[in-house]
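Tertiary structure, described
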Amino acid sequence: MKKYLKDFSVIKSVRLSSDYGLLGLRPSDGSDLPEMAPGQFVEVTAPAESGVMLRRPISIHDVDFENNLLWLLVRNAGKGTAAMISLQPGDTVNILLPLGNGFTLPDKSDKPLLIGGGVGVAPLLYFGKEMSRKGLMPSFLLGARSKSDLLRIDCFEKVGPTYITTEDGTEGEKGFVTNHSALTDGWTKIYCCGPVPMMKAVARIARQRDIDCEVSLENMMACGLGACLCCVENTVKGNVCVCSEGPVFNINQLLWQD
Amino acid sequence: MARLDVEIGNLKLKNPVLTASGTFGYGEEFADLIDLNRLGGFIVKGTTLNPREGNPYPRMAETPSGMLNAVGLQNKGVDYFIDNIYPRIKDIDSKIIVNVSGASTGDYVEVCEKLATLSAIEAVEINISCPNVKQGGMAFGTSCDGAASITKAVRKAYPKTLIVKLSPNVTDIASIACAVENEGADSVSLINTLMGMAIDAERQRPRLSTITGGLSGPAVKPVALRMVWQVAHAVKIPVIGLGGITNGTDAIEFMLAGARAVQIGTANFIDPTVTMKVIDEIDNYCQRHGVNDINEIVGII
């Protein structure tokens, strides 16, 4: 898929909580959004006042082709992302996109479950919507530390059945995604994005039950183009760039044996 | 438009803007974003005799105005380059230079002999300055004897343009430059990264798997500029300057300090189109200053 470097205008900026923000962005030059696949990501230049030099990789959360809007869900994880979620309508950001490989669509006969933890729910919305558009039926299992950390639940519920867990039990079942009762529902394909310990736990269950499983990694990156070789993950093929050969990997490609 | 073409030994560049090894992949990664044919040249990722997996993750940490890396020369080896990558990039109308690294003198020689057979590769850049590998690398580049012995051996085996990339992690970089000049190097490029370190205080752990790594980016520019100026005054061969260049003005500063050409490195990660802007800005500078030929300003300080 062809890559572009474009200025985007901030059209909407919604602060979901002190730590999370939602940005609706439109190409400043009036052009249409480029083709983007679910699971791909973009690299955003942080506002200059953050003092951050390198771009920050952010999942594509949703693409509204009708209104020509790219949606990013951003967690405040440091100076760069803190400045991003403080952007206001009228501000401009420079974005390199689309990057990485994206998720593999399930078969019509599959029963897919999309599992997200924390801000890792971000790429699952666009993916779920894309599945629905293709007549596939996604279900979501979304986890967070607490009710206030659950993100965009209403949007997911519009796309498919949505199961919730919180570690403190303030919403949905108490515990982790890996002990939610829905997890035993006969899924044939699992897609997962979230903290690495969560993805490893999900991968272990998928392996035990022989369910095909893809995970989306977020290793630290510089270029986003497969040039600097900073973001590598050790795989059955050796060290490969998460930015260009990922961020989505089938777990049978990863050396996650624990 | 001013004349921007420069010569590095027998290597004729249409303009003085190159990309630094390890920051530009094999060029093709940037093909959607820039016109590769406009570059003076590009220096492909450090290539070794045998495939290397590099160092474990994490290999990168951002620091104020810079970054540390500890990639450790991950590459698929020179044979893979020749069979799989070279055919894809050889027709780009821009000079392709291969950065060569090794653990022994024999490694460097063998890789350069193989590369010498490729018609679209008119130059190699010998990396005796990588701070991120245990064997070879910087060990050769931190003494005059080590630098001289590698240069001598490669010179015998490689007839085309031979550039030696110098380490800044030395007491007297000019003496190392003189040592490689005496053994027949056609050019020196500097600086490779400065050895550095970053610590995560909350986790009480180093940020890199290797603990130390190489610092690059705008943070190193004043050091690089000083070293280019020192070396340019010590040798007669052309000097290629790099270290923290992010725009045309930075590039001009290196040329004023004595660089015949420049390399853009870390800035490619910040703005993958930066090289095009640097070329335009150098031309614009020449017009503003009545410079008809970029070579006129090289080393005037």
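Residues numbered from 1 in each chain as written. Chains lettered and ligands numbered in written order. Predicted model: local features only at pLDDT ≥ 70, side-chain atom pairs only at ≥ 80, totals over all residues. Heavy atoms only, no water.

1. A word on the overall build of chain A
On a plain count of helices and strands, chain A comes out with 5 helices and 16 strands. For 258 residues, the compact-globule formula gives about 18 Å, and the C-alpha radius of gyration of chain A, at 17 Å, lands near that figure. In terms of its C-alpha atoms, chain A occupies a principal-axis envelope of roughly 50 × 40 × 35 Å. Per-residue burial for chain A yields a buried fraction of 58% across its 258 residues. Accessible surface for chain A amounts to roughly 10400 Å². Of this, 48% is attributable to carbon and sulfur atoms. Each charge class in chain A was averaged separately, 26 positive and 29 negative side chains, and the resulting centres sit 1 Å apart. (Helix = DSSP H or I, 4+ residues; strand = E, 2+ residues; numbered from the N terminus. Rg over C-alpha atoms; globule rule 2.2 N^0.38 Å. Buried < 20%, exposed > 50% of the residue type's maximum accessible area, 1.4 Å probe, protein only. Areas by Shrake-Rupley, 256 points an atom, 1.4 Å probe, with all protein chains shown as cover. Lys, Arg positive; Asp, Glu negative; His and termini not counted. Charge placed at Lys NZ, Arg CZ, Asp CG, Glu CD.)

2. Describing the pattern of salt bridges
All names here are of chain A. Under the counting rule described, the total for this entry stands at 22 salt bridges over all chains. Measuring nitrogen to oxygen at the nearest pair gives 3.6 Å for the salt bridge that ties K147 to E171. Here K147, found in the loop between strand 9 (139–144) and helix 3 (153–159), pairs with E171, found in the loop between strand 10 (162–166) and strand 11 (173–174); they are 24 residues apart in sequence, far enough to count as distant. Among the charged side chains, a salt-bridge network with shared partners connects E130, R133 and K134. (Salt bridge = Lys/Arg side-chain N within 4 Å of Asp/Glu carboxyl O.)

3. Regarding the interface of chain A and chain B
Facing 28 residues of chain A, the contacting portion of chain B comprises 29 residues. Taking both partners together, chain A and chain B bury about 2400 Å²; carbon and sulfur atoms supply 61% of that area. On the chain A side of the interface with chain B, the three residues burying the most area are M53(A), L229(A) and C230(A), jointly 26% of the side's total. Here chain A and chain B share 1 salt bridge between them. (Contact = heavy atoms within 4.5 Å. Buried area = accessible area lost by both parts, 1.4 Å probe.)

4. Observations regarding helix 1 (residues 78–89) of chain B
Residues lying three or four places apart along an α-helix face the same way, a consequence of the helix completing one turn every 3.6 residues. Residue and element names in this part refer to chain B. Buried residues of helix 1: V78, F81, I82, I85, Y86 and I89, and no others. Buried residues along helix 1 cover an arc of 135° about the axis, so they all sit on one side. Every exposed residue of helix 1 that faces more than 90 degrees away from the buried side is listed here: D83 and R88. Buried residues belonging to helix 1 abut strand 4 (41–47), strand 7 (95–100), helix 2 (105–116) and strand 8 (121–127). (Arc of directions from axis to C-beta.)

5. Concerning the packing of helix 2 of chain B against helix 4 (residues 144–157) of chain B
Packed helix pairs are specified by the crossing angle of their axes together with the interaxial distance, meaning the distance between the axes. Residue and element names in this part refer to chain B. Orientation of helix 2 relative to helix 4, taken along the N-to-C sense of each, is 25°, at an axis distance of 9 Å. In terms of their interaxial angle, helix 2 and helix 4 are classed as roughly parallel. As for how helix 2 packs across helix 4, the hand of that crossing is right-handed. Within the contact between the two elements, helix 2 uses T105, Y108, V109, C112 and E113 and helix 4 uses I150, A153, V154 and A157. Classifying every residue of the contact of helix 2 with helix 4 by side-chain character gives 7 nonpolar, 1 polar and 1 charged. (Axes fitted to C-alpha atoms, helices over the stretch in contact; angles between N-to-C directions. Parallel < 35°, antiparallel > 145°, perpendicular 65-115°, else oblique. Left-handed = near helix turned anticlockwise from the far one by under 90°. Nonpolar A, V, L, I, M, F, W, Y, C, P; charged D, E, K, R; others polar.)

6. Points about the domain arrangement of chain A
Accessible area lost upon the coming together of the parts is a frequently used measure of interface size. Residue and element names in this part refer to chain A. In terms of domain boundaries, chain A breaks down into domain 1 (4–99), domain 2 (103–216) and domain 3 (219–258). Summarising the inter-unit geometry, the C-alpha centres of domain 1 and domain 3 are found 23 Å apart. Contacts between the two partners involve 7 residues from domain 1, matched on the other side by 8 residues from domain 3. When the two sides are added together, the surface that domain 1 and domain 3 hide from each other amounts to roughly 600 Å², 67% of it contributed by carbon and sulfur. Counting the surface domain 1 buries against domain 3, the share from its top three residues, F41, E43 and L99, is 52%. Put simply, domain 1 and domain 3 have 0 residue pairs in polar contact (both at pLDDT 80 or more) between them. Listed by contribution, the elements that provide at least two residues to the side of domain 1 that touches domain 3 are strand 3 (41–44) and strand 7 (92–99). (Domains from an automatic or database assignment. Polar contact = N/O pair within 3.5 Å; in protein donor to acceptor, adjacent residues only side chain to side chain.)

7. Some remarks on the packing of aromatic side chains
Residues and elements named next belong to chain A. For the coordinates displayed, the defined rule picks out 10 aromatic pairs over all chains. Judged by centre distance (6.5 Å) and plane angle (70°), the ring pair of Y163 and W187 falls under edge-to-face. Here Y163, found in strand 10, pairs with W187, found in the loop between strand 11 and strand 12 (189–193); they are 24 residues apart in sequence, far enough to count as distant. For Y163, a relative accessible area of 25% puts it in the partly exposed group. A residue is classified by how much of its surface remains accessible, and W187, at 6% relative accessible area, is buried. An aromatic cluster is built from F103, F127 and Y191, whose rings are joined through pairwise contacts. Note that K2 overlies the ring of Y4, its terminal NZ or CZ placed 5.4 Å from the centroid. (Phe/Tyr/Trp six-rings, centres within 6.5 Å; stacked < 30°, edge-to-face > 60°. Lys NZ or Arg CZ within 6 Å of the ring centre and 35° of its normal.)

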